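Below, each chain spelled out in residue letters.
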Amino acid sequence: MILFATNNQHKLREVKEILPALQWSFLGDFPQLAGMDPEETGETFEANAKIKAVEFGNASGVLTMADDSGLEVFALDGQPGVRSARWIPGSDEDRYLHLLQQLEGQQDRSAQFVSVLCLYDPRTKTEHFFRGEVQGKIIDEPRGSGGFGYDAVFVPDGDELTYAQLADEGRKHDYNHRRKSLDAFHDWWRQQSN
Ligand code: IMP
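Residues numbered from 1 in each chain as written. Predicted model: local features only at pLDDT ≥ 70, side-chain atom pairs only at ≥ 80, totals over all residues. Heavy atoms only, no water.

Account for the environment of L100, with residues named and values stated.
Tracing the backbone through its elements, the reader meets L100 in helix α3 (residues 92-102). Exposure remark for L100: the relative accessible area of 10% places this residue in the buried category. The spacing of L100 and G78 is 22 residues in sequence and 15 Å in space, taken between C-alpha atoms. Excluding residues within four positions of it along the chain, L100 makes contact with R109, I138, I139, D140, E141, P142 and V153. (Helix = DSSP H or I, 4+ residues; strand = E, 2+ residues; numbered from the N terminus. Buried < 20%, exposed > 50% of the residue type's maximum accessible area, 1.4 Å probe, protein only. Contact = heavy atoms within 4.5 Å.)

Rendered as structure tokens:
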């Protein structure tokens, strides 16, 4: 059993969809974790994933995984990056509209989504990292209603649809950076059990 430690309901749904066969537990299964919200003070996805996995892992006492993820836009020197969730105050929509504003008149629309998973074992105090990346571009106008975060403005390389439109069609995971990091973890996990 692995605790997938996140307060983000969208990540939770995706993990269940991507790896349904694994025995997951969630924060709601551990009353002692109620209200915990570790401060993400790191400058990298790895550092923040580790902060969350270690805090929740030590408090729960069980094998714990945390995801830190975000969107890196090349013309903005990698912003919003690790600050994707809190780049500006407001809603997900406010943040992607802010991104479109920042990119107005910008030729280089290239970007990548990154997901880093940290798996932490509180008994041995050891951790492992798994990374998934998807390259693509930021379009001019939002399209689609599925997904979350910046999904409505990101088109992965190899497709014409945004992540949000792909989610509407049930196809976001054909690309999803979180699917890639979970796949990397799953390969490793299966090797450990052999
Ligand atoms: P975290 O909870 O600190 O890892 O922040 C993750 C943030 O990155 C989310 O709140 C979104 O803004 C963004 N993000 C991560 N993954 C996705 C995704 O799959 N689609 C859209 N936005 C995402």
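Give a description of the packing of helix α1 (residues 9-18) against helix α5 (residues 177-193) that names residues and reports values.
Here α1 crosses α5 at 55°, and the two axes come no closer than 10 Å. Our classification of the angle between α1 and α5 gives oblique. The handedness of the crossing between α1 and α5 is right-handed. In this structure, α1 uses K11, E14, V15 and I18 to contact α5, whose residues at the interface are R178, R179 and L182. Partitioning the contact of α1 with α5 into residue classes produces three nonpolar, no polar and four charged. (Axes fitted to C-alpha atoms, helices over the stretch in contact; angles between N-to-C directions. Parallel < 35°, antiparallel > 145°, perpendicular 65-115°, else oblique. Left-handed = near helix turned anticlockwise from the far one by under 90°. Nonpolar A, V, L, I, M, F, W, Y, C, P; charged D, E, K, R; others polar.)

Break down the side chain of D68 for me, with residues and values.
Tracing the chain through its elements places D68 in strand β3 (residues 64-73). Here the side chain of D68 touches K52 through a polar contact of 2.9 Å, side chain to side chain. Beyond its immediate chain neighbours, meaning those up to four positions away, D68 contacts K11, E40, T44, F45, N48, A49, K52, V82, V114, S115 and V116. (Polar contact = N/O pair within 3.5 Å; in protein donor to acceptor, adjacent residues only side chain to side chain.)

Got a sec to walk through the pairing of strand β4 (residues 110-121)? Specific residues and values, please.
Across the twelve residues that make up β4, a large majority, eleven, are buried. In terms of strand pairing, β4 meets strand β5 (residues 126-138) through twelve bridges, oriented antiparallel. Bridge pairing in β5 places C118 opposite F129. Hairpin remark: β4 followed by β5, antiparallel, with four residues in the connecting loop; positive phi at K125, about 60°. (Pairing = 2+ DSSP bridges.)

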